[in-house]
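Given next are the chains, with one letter for each unit.
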Amino acid sequence: MKVILTADHAGMSIRNEVKDLLEELNIEYEDAGCDGSCSVDYPDYALPAAKRVASGEFDRGILICGTGIGMSISANKVKGIRCALVHDMFSAKATREHNNSNVLAMGERVIGPSLAKEIARIWLTTEFAGGRHENRVNKITAYEENES
């Protein structure tokens, strides 16, 4: 698995925790986040990262900002992206099993670093269940194809 990781100025601490996790799990990643020295605009980080996942350059992406909302809205504008904003462990597992999400968004001002690391661990290690869920994901993909 290859992951792109990015954060704006409000997601630096969680980004560092997730980097540690990726190294712990021996997952190849690229840190495409800001350096944190000044305020930046989340779409400038979310959109390029999402495009790189959609293109197949990366298998998954993890995006972090203050609430995760801006990153998730931005990423979901990219065709082929299923970005889930997650702030609990149950949703982290469900969005992989049921929705085959390929991008995870989290908010540093909403959750702490240890919870963020556990959410990312669950999300990274949970497989898509397929079956009845595949039909639902395929309907989303078909809609997206027809609307473009």
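### Remarks on the pattern of salt bridges
Next, step 1: Evaluation of the coordinates by the stated rule reveals nine salt bridges.
Next, step 2: The shortest N-O distance in the salt bridge between Glu 97 and Lys 93 comes to 3.3 Å. Taken together, the residues span about one helical turn, with Glu 97 and Lys 93 both in helix α4 (residues 89-97) at a distance of four residues.
Next, step 3: Of the residues examined, Glu 97 reaches a relative accessible area of 23% and is grouped as partly exposed.
Next, step 4: The partly exposed category is assigned to Lys 93, whose relative accessible area is 40%.
Next, step 5: Here Glu 118 ties to Arg 121 by a salt bridge, and the two come within 3.5 Å at their closest N and O atoms. Of this pair, Glu 118 and Arg 121 both sit in helix α5 (residues 113-125), separated by three residues, roughly a single helical turn.
Next, step 6: Take Glu 118: its relative accessible area is 28%, and that puts it in the partly exposed class.
Next, step 7: Several salt bridges converge on common partners, so that one network encompasses Glu 24, Lys 117, Glu 118 and Arg 121.

### Notes on unusual backbone geometry
Next, step 1: Notably, Asn 26 is not glycine yet its phi reads approximately 55°, a positive angle.
Next, step 2: By secondary structure assignment, the location of Asn 26 is in the loop between α1 (12-24) and β2 (28-31).
Next, step 3: Non-glycine residue Asn 100 carries a positive phi angle of around 50°.
Next, step 4: On the secondary structure map, Asn 100 appears in the loop between α4 and β5 (103-107).
Next, step 5: With relative accessibility at 22%, the residue Asn 100 sits in the partly exposed group.

### So, the side chain of Arg 15
Next, step 1: Mapped onto the elements of the fold, Arg 15 is located in helix α1.
Next, step 2: By relative accessible area, Arg 15 is classed as buried at 6%.
Next, step 3: Residues contacting Arg 15, with those up to four places away along its chain left out, are Leu 5, Ala 7, Asp 31, Gly 33, Cys 34 and Ile 64.

What counts, and at which threshold
- Per chain, residues are indexed from 1 in the order of the written sequence.
- Predicted model: local features are reported for residues with pLDDT of at least 70 only, side-chain atom pairs are reported and counted for 80 or more only, and whole-chain, interface and lining totals are derived from all residues.
- Only hydrogens and water are set aside when side-chain values are computed; all heavy atoms of the structure are taken into account.
- One side-chain nitrogen of Lys or Arg within 4 Å of one carboxyl oxygen of Asp or Glu is enough to make a salt bridge.
- To qualify as a helix, a DSSP run of H or I must reach at least 4 residues; to qualify as a strand, a run of E must reach at least 2; elements of each kind are numbered from the N terminus.
- Exposure categories follow from relative accessible area, calculated using a 1.4 Å probe and restricted to protein chains: below 20% of the type maximum is buried, above 50% is exposed, and the middle band is partly exposed.
- Every residue pair with non-hydrogen atoms within 4.5 Å of one another is taken to be in contact.

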